[in-house]
Amino acid sequence: MRNKKFIGHLVSYSFLTPYLILFLVFLIGPLIFGFGLSFFRWELLATGPPEFVGVGNYSEALASVYFRKALWATTRYVSMKVPLHIILALLIAVGINAVIEKRQSIYRAAIFFPSLLTVTIVSILWRWFYNREFGLFNMYLSTIGIKLAWLADATWAMKSIVLMSLWWGLGGTVIILLAGLKQIPKRYYEAARIDGANAVQQFFYITLPLLKPILLFVTVMGFIGAFQVFGQTFIMTPDGGPELSTRVLVHYIYLTAFRFYRMGYGSAMSWLLFVIIAFFTFIQFWLSREKQINA
């Protein structure tokens, strides 16, 4: 009996082995190497060996004006993108859920289609939309006497990238929220209607409370993804936009490591970004737990 159980476990782990090997080689290994590298001054073009500097790279990053500007640009992107993303996705999911079942597949496909495109295709397409002289948006806005600089204006550059990111990334979140809405028993809404609750009251007292676990999931994933934004800014504003208004942290880390060849400094900033993401994720879980306890 024990031999059969052992063989069963062995077979199970054998199926996991390829994934575990790839996980260790391409994720855990680079993480450990990058963490160790963050304590060294390693210039790729330098002739000498890496120099151990302790927390010098971290101190330099925290004191750097460019790091703080990149952190501020990232914060602006996150603060605009994540709330709008969650609110719009929830409203669209509720709207799709309210239509006839036969038509829902059409709306789901339409809203999810942009998510199938790569960030490169979407960014190049929207760069054309935002073109000041012959872009699609200014072509229509010029009919009412408006012509915006979009990506060339520090006031509008980050907002333009947020708008593109919303169009591109809403689909997946809508599908997840829609699946959550399908799991809410209809008898709750029927009982609420019998008690005289209108649609708004049903939304706030039935839909939102029962969607809390899924809303927490999409919010946490939204924050993590937004803090790691890179492709949009790198393609649409390669140098970080006007006045570095769109040079986010990952963009700055990429330029530091692969254009200026400061690998140790880039690794240190990457770990600082990891700490920031972990902190915000912890805060979200803690706030959610406190609300559940108080409820």
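Residues numbered from 1 in each chain as written. Predicted model: local features only at pLDDT ≥ 70, side-chain atom pairs only at ≥ 80, totals over all residues. Heavy atoms only, no water.

**Considerations on the overall build of the protein chain**
Counting its regular elements, the protein chain contains 13 helices and 2 strands. Against the globule reference of 19 Å for 295 residues, the protein chain gives a C-alpha radius of gyration of 24 Å, more extended than a compact globule. When the 295 residues of the protein chain are sorted by exposure, 35% land in the buried category. Of the contacts formed within the protein chain by residues at least 6 apart in sequence, a portion of 66% connects residues at least 24 apart. Side-chain charges in the protein chain split into 25 positive and 11 negative, and the spacing between the mean points of these groups amounts to 10 Å. (Helix = DSSP H or I, 4+ residues; strand = E, 2+ residues; numbered from the N terminus. Rg over C-alpha atoms; globule rule 2.2 N^0.38 Å. Buried < 20%, exposed > 50% of the residue type's maximum accessible area, 1.4 Å probe, protein only. Contact = heavy atoms within 4.5 Å. Lys, Arg positive; Asp, Glu negative; His and termini not counted. Charge placed at Lys NZ, Arg CZ, Asp CG, Glu CD.)

**Regarding the packing of aromatic side chains**
If you walk through the whole model with that rule in mind, you get 26 aromatic pairs. Plain terms: the ring middles of Tyr130 and Trp150 are 5.0 Å apart, the flat faces sit at 35° to each other, and that makes the pair tilted. Of this pair, Tyr130 sits in the loop between α5 (119-129) and α6 (136-141) while Trp150 sits in the loop between α6 and α7 (154-182), placing them 20 residues apart in sequence. Relative to Phe274, the ring of Trp271 lies with its centre 5.2 Å away and its plane at 70°, an arrangement referred to as edge-to-face. (Phe/Tyr/Trp six-rings, centres within 6.5 Å; stacked < 30°, edge-to-face > 60°.)

**Quick notes on helix α12 (residues 249-258)**
Across the 10 residues that make up α12, a large majority, 7, are buried. Taken residue by residue, α12 has Leu249, His251, Tyr252, Ile253, Leu255, Thr256 and Ala257 as its buried positions.

**A look at the pattern of salt bridges**
Pairing is possible between side chains that carry opposite charge, provided their charged atoms lie close to one another. Inspection of every chain in the model, using the stated rule, returns 6 salt bridges. The salt bridge partner of Glu133 is Lys147, with a shortest N-O separation of 3.3 Å. Residue Glu133 is found in the loop between α5 and α6, and its partner Lys147 is found in the loop between α6 and α7; the two are separated by 14 residues along the sequence. Owing to a relative accessible area of 58%, Glu133 belongs among the exposed residues under this scheme. (Salt bridge = Lys/Arg side-chain N within 4 Å of Asp/Glu carboxyl O.)

**Thoughts on empty space enclosed by the protein**
Applying the stated rule across the entire model yields 1 cavity of 30 Å³ or more. Within the residue set of the lining of the largest cavity, elements represented by two or more residues are β1 (40-41) and α13 (263-294). (1 Å grid on protein atoms, 1.4 Å probe; cavity = no way out; pocket = protein on both sides within 12 Å on 5 of 7 lines; lining within 4 Å. Points joined across faces, edges and corners; volume = space filled by probe spheres on them.)

**Digging into the environment of Glu243**
Note on placement: Glu243 falls in the loop between α11 (231-236) and α12. Using a relative accessible area of 70% as the deciding quantity, one classes Glu243 as exposed. Along the backbone, Glu243 and Leu88 are 155 residues apart, and their C-alpha atoms lie at a distance of 30 Å.

**Re α7**
Three- or four-residue spacings in an α-helix give side chains the same orientation, since the helix completes a turn every 3.6 residues. For α7, which comprises 29 residues, the first-to-last C-alpha distance of 42 Å matches the rise-based estimate of 42 Å (1.5 Å per residue) to within 8%. Of all the bends in α7, the largest measures some 45° and sits at Gly169. Its side-chain oxygen 3.0 Å from the backbone nitrogen of Thr155, Asp153 forms the N-cap of α7. (Expected span 1.5 Å × (residues − 1). Bend = angle between axes of the 7 residues up to and from the residue. Polar contact = N/O pair within 3.5 Å; in protein donor to acceptor, adjacent residues only side chain to side chain.)

So, to be careful, I would describe these as geometric facts and stop short of saying anything about function.
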